[in-house]
Amino acid sequence: MYSFQQAQPSGRKEYDERAFQRVAVNLNGRLMLDNHDEYDCKAIDMSPGDVMLASDAKPRAGERIIAYVEHVGRLEGTVTRIAERNFVIRINATDRKREKLAAQLTWIANKHELGLPEDRRHDRLTPRRTRTELTFDDGTKYHCRIIDLSLSGAAVDIEVRPPLGMAVMMGSMRARVVRHFEEGVALEFTGVQSREALTEFL
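What comes next concerns the included structure. Keep in mind that what you see is a predicted model, and the values were worked out from it rather than measured.

A word on the pattern of salt bridges. Side chains carrying opposite charge are able to pair once their charged atoms draw close together. For the structure on display, the rule yields nine salt bridges. When the shortest N-O distance is used, the salt bridge between E38 and R30 registers 3.4 Å. Assessed through its relative accessible area of 14%, R30 is described here as buried. Residue R74 pairs with E76 through a salt bridge whose shortest N-O separation is 2.9 Å. By relative accessible area, E76 is classed as buried at 8%.

Put into structure tokens, the structure is as follows:
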């Protein structure tokens, strides 16, 4: 985990908000304040260096924030500006992470397919219960956190990388691994789920 610092570490170029082009987005997410309180949020404007979040959360200027945003994954940063219903966090990230964010935002701006296979057919859901377990076919269980959820699949933050195509259980639902990404893996459910089947997460 990157540490939250107001100043840049020694030897690192000072961050400049104007160095990055902003993209208007509409991405659901979940954030955690410094005191570990969690809130739903929506990313409405984003660059590889910062993100504007709309939320009922009331952070302080300079407060540390961790957010999980659909398509983008985990973001960490400090609050730089506050308005009535939204605020901006400066993203703490390595150059490699910023390059990845730039690529993701380019895809979003061009309306390319992002996220899970075929998931554009199904509405994104905002899970209120994000912590769950993946059970592998040998019975091994791993704790994970849901980043993105739809009726056809999910993206989870998990330390291990099971092979593509591997059958797993996410909670009580059968799925298979269809993609690896930096924070974890994408899963496709064996069948399109109903909202009722996902109530344990909603």
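Let us look at the layout of surface pockets. Of the volumes computed, that of the largest pocket is approximately 340 Å³. Along the wall of the largest pocket there are 15 residues; nearest its centre are Y68, R145, D157, I158 and E159. When residues in the lining of the largest pocket are grouped by element, the largest group, four residues, is from strand β9 (residues 141–150). Of the residues contributing to the lining of the largest pocket, the split by class is six nonpolar, one polar and eight charged.

Moving on to empty space enclosed by the protein. Per the counting criterion, the structure on display carries one cavity of 30 Å³ or more. Roughly 90 Å³ of internal volume is contained in the largest cavity. Forming the boundary of the largest cavity are N28, G29, R30, Y68, E70, L125, T126, P127, T130, I146, I147 and D148. Listing elements by their share of the lining of the largest cavity, those giving two or more residues are β1 (23–32) and β9. Tallied by class, the residues present in the lining of the largest cavity amount to five nonpolar, four polar and three charged.

This part is about the side chain of T132. Along the polypeptide, T132 turns up in strand β8 (residues 131–136). Accessibility expressed as a relative area gives 7% for T132, which makes it buried. Discounting residues that sit within four places of it in the chain, T132 has contacts with Y142, H143, C144, I146, M170, G171 and F201.

Mapped onto the secondary structure, T130 falls in the loop between β7 (124–125) and β8. In contact with T130, other than residues within four places in its own chain, are C144, R145 and I146.

Reading the values: the criteria
Residues numbered from 1 in each chain as written. Predicted model: local features only at pLDDT ≥ 70, side-chain atom pairs only at ≥ 80, totals over all residues. Heavy atoms only, no water. Salt bridge = Lys/Arg side-chain N within 4 Å of Asp/Glu carboxyl O. Buried < 20%, exposed > 50% of the residue type's maximum accessible area, 1.4 Å probe, protein only. 1 Å grid on protein atoms, 1.4 Å probe; cavity = no way out; pocket = protein on both sides within 12 Å on 5 of 7 lines; lining within 4 Å. Points joined across faces, edges and corners; volume = space filled by probe spheres on them. Helix = DSSP H or I, 4+ residues; strand = E, 2+ residues; numbered from the N terminus. Nonpolar A, V, L, I, M, F, W, Y, C, P; charged D, E, K, R; others polar. Contact = heavy atoms within 4.5 Å.

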